[in-house]
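Each chain is listed here by its residues.
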Amino acid sequence: MTIEEKTFTELYQKDLDAGKSVRIDISGVGMEPLLKDGKDYVIVTPLKKSDILELEDDNLQISVIKHEKHSDKGRSTNHTRSEGRMTLRRRDIVLFRHEQTGTIKLHRIVHVWGTLLLMRGDGCYCPFERATVSDVIGVVISGTCLGGHPFKAYSHRWSLLSRFWTLTYRARLWSLRIYRLTTKPLRKKRRPSHSASA
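The sections below set out a description of the structure shown in this document. (Residues numbered from 1 in each chain as written. Predicted model: local features only at pLDDT ≥ 70, side-chain atom pairs only at ≥ 80, totals over all residues. Heavy atoms only, no water.)

**Details of the nonpolar core**
In summary, soluble globular proteins display a tendency toward joint burial of nonpolar side chains.
Reasoning step 1: With 24 residues, the main nonpolar core has Ile24, Leu35, Val42, Leu95 and Leu106 as its most contacted residues.
Reasoning step 2: Where this core is concerned, the elements lending two or more residues are helix 1 (5-17), strand 2 (22-25), strand 3 (41-46), strand 9 (93-98), strand 10 (103-113), strand 13 (136-145) and helix 2 (156-167).
Reasoning step 3: One finds Leu47, Leu88, Val133 and Val136 within the second-largest nonpolar core, a separate group that totals 12 residues. (Core = buried A, V, L, I, M, F, W, Y, C linked by side-chain atoms within 4.5 Å. Buried < 20%, exposed > 50% of the residue type's maximum accessible area, 1.4 Å probe, protein only. Helix = DSSP H or I, 4+ residues; strand = E, 2+ residues; numbered from the N terminus.)

Set out below in structure tokens:
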């Protein structure tokens, strides 16, 4: 999902700079199928300059402590951080500034390499977007998904959905490629011939 710089400045930047969370309605198909165009929204909170960040959304209270790694069922998962910022985790959805295009994007962190983040929209089958921790403006903490169902970013259900969607990326990509290869000849056959009439 992409937000033009002008729109971001007018609607969201003031509140984020003041440390307030903002609601962003989902537009476009870049984050589908979990976040649907025109049906879902997310709550984005700015990254605070503190070692422990207290987030509150309705009855949600989360303490996020800086760690380099954490154990995920015996598997080590990398975190990243820069001085004075909260931890960002793989599979977090973040709002970040894309330097090359000058736009603001809402993508999911797919890989973490030190302070380098590789990100992609859930509905995209394209190369990674590259950014650093300092490019990140805010992180999604809650909202609605799948057409209006509430979620909290640190809930077990949302974690399972996020994990499933990222782990099946390669299978979905190859399925799409095979589908395109098998249907391409059929599409060519169905095209009407434009023979000149006598």
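**Re the pattern of salt bridges**
Reasoning step 1: Under the criterion given, the structure shown has five salt bridges.
Reasoning step 2: For aspartate 92, the salt bridge is made with arginine 89, and the minimal N-O distance between the two is 3.5 Å.
Reasoning step 3: With a closest N to O distance of 2.8 Å, glutamate 129 and lysine 105 form a salt bridge. Here lysine 105 lies in strand 10 and glutamate 129 lies in strand 12 (residues 129-132), a separation of 24 residues in the sequence. The pair formed by glutamate 129 and lysine 105 is uniform in burial state, with each residue classed as buried. (Salt bridge = Lys/Arg side-chain N within 4 Å of Asp/Glu carboxyl O.)

Geometric values such as these leave the question of function open.
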